[in-house]
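# Coordinates in review
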Amino acid sequence: MSNNTFRKKLKSGNTPKGGSRKSIFSWMEEKLDITGILGEGVPVQLVPPVGFVALLALVYIWSNHRAENMVRKIEKAQQEVEDLRADVTTLEAEYMLSSMQSEVAKRVAEQGIFELNQPPIKIEVEK
């Protein structure tokens with residue numbers, strides 16, 4: 001048989017430009033080494049149940065994450081409601097105090113309006 005003339009022979013110790021690249025799957029197979037547990041290769045019957053369990057796990061994690069975020073939002077809203085309720089109570093108390101006759105008299109005294117000390121009199125006009 002004749003020699004291959006298309007490719008040039010590499011000198012010993014040299015590797016091709018691309019190098020011996022391993023795919024991610026071969027790397028995972030090498031690192032995990034599940035041949036002792038499953039034998040040669042993964043049984044195809046196990047792929048759908050394992051995939052379904054993985055999907056359920058993802059849904060469970062997502063659900064817990066969403067629930068915790070909702071609890072945080074509810075607690076934050078409750079705290080804001082409590083703060084607003086305290087503010088409203090304070091403002092109502094101030095309003096009730098400022099609308100008292102004695103407080104109104106103190107405020108308008110600066111403008112030269114004074115409170116009457118005598119009761120009002122009824123003016124009658126004859127026709």
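Residues numbered from 1 in each chain as written. Predicted model: local features only at pLDDT ≥ 70, side-chain atom pairs only at ≥ 80, totals over all residues. Heavy atoms only, no water.

Before going further, it helps to examine the overall build of the chain. In terms of regular secondary structure, the chain is built from four helices and zero strands. Listing each helix as α and each strand as β along the chain from the N terminus yields α-α-α-α. Surface exposure of the chain reaches about 13300 Å², of which carbon and sulfur atoms provide 61%. (Helix = DSSP H or I, 4+ residues; strand = E, 2+ residues; numbered from the N terminus. Areas by Shrake-Rupley, 256 points an atom, 1.4 Å probe, with all protein chains shown as cover.)

Before going further, it helps to spend a moment on a negative patch on the surface. A contiguous patch of negative charge, built from Glu 80, Glu 82, Asp 83 and Asp 87, is present on the exposed surface. Its place among the elements puts Glu 82 in helix α3 (residues 47–98). On the accessibility criterion, Glu 82 (47% relative accessible area) is partly exposed. (Patch = residues over 30% accessible without salt bridge, like charges linked within 9 Å, V, L, I, M, F, W, Y side chains within 5 Å. Salt bridge = Lys/Arg side-chain N within 4 Å of Asp/Glu carboxyl O. Lys, Arg positive; Asp, Glu negative; His and termini not counted. Charge placed at Lys NZ, Arg CZ, Asp CG, Glu CD. Buried < 20%, exposed > 50% of the residue type's maximum accessible area, 1.4 Å probe, protein only.)

With the rule as written, the count across this model stands at two salt bridges. As a salt-bridge pair, Arg 72 and Glu 68 come within 4.0 Å of each other at their nearest N and O atoms. In this pair, Arg 72 and Glu 68 both sit in helix α3, four residues apart, roughly one turn of the helix. Relative accessible area serves as the criterion here: at 46%, Glu 68 is assigned to the partly exposed category.

Mean pLDDT over the chain works out to 84, with 79% of the residues at or above the 70 mark. The secondary structure element of the chain with the lowest average pLDDT is helix α2 (residues 35–38), at 69, and the one with the highest is α3, at 96. (pLDDT = per-residue confidence, 0-100.)

Let us now look at the UniProt feature "coiled-coil region" (unreviewed entry) in the chain. As recorded in UniProt, the sites labelled "coiled-coil region" (unreviewed entry) are residues 64–94. For residues 64–94, the helix share is 100%, the strand share is 0%, and the end-to-end C-alpha distance is 45 Å. (UniProt positions renumbered as here; feature names shortened; annotations may be inferred.)

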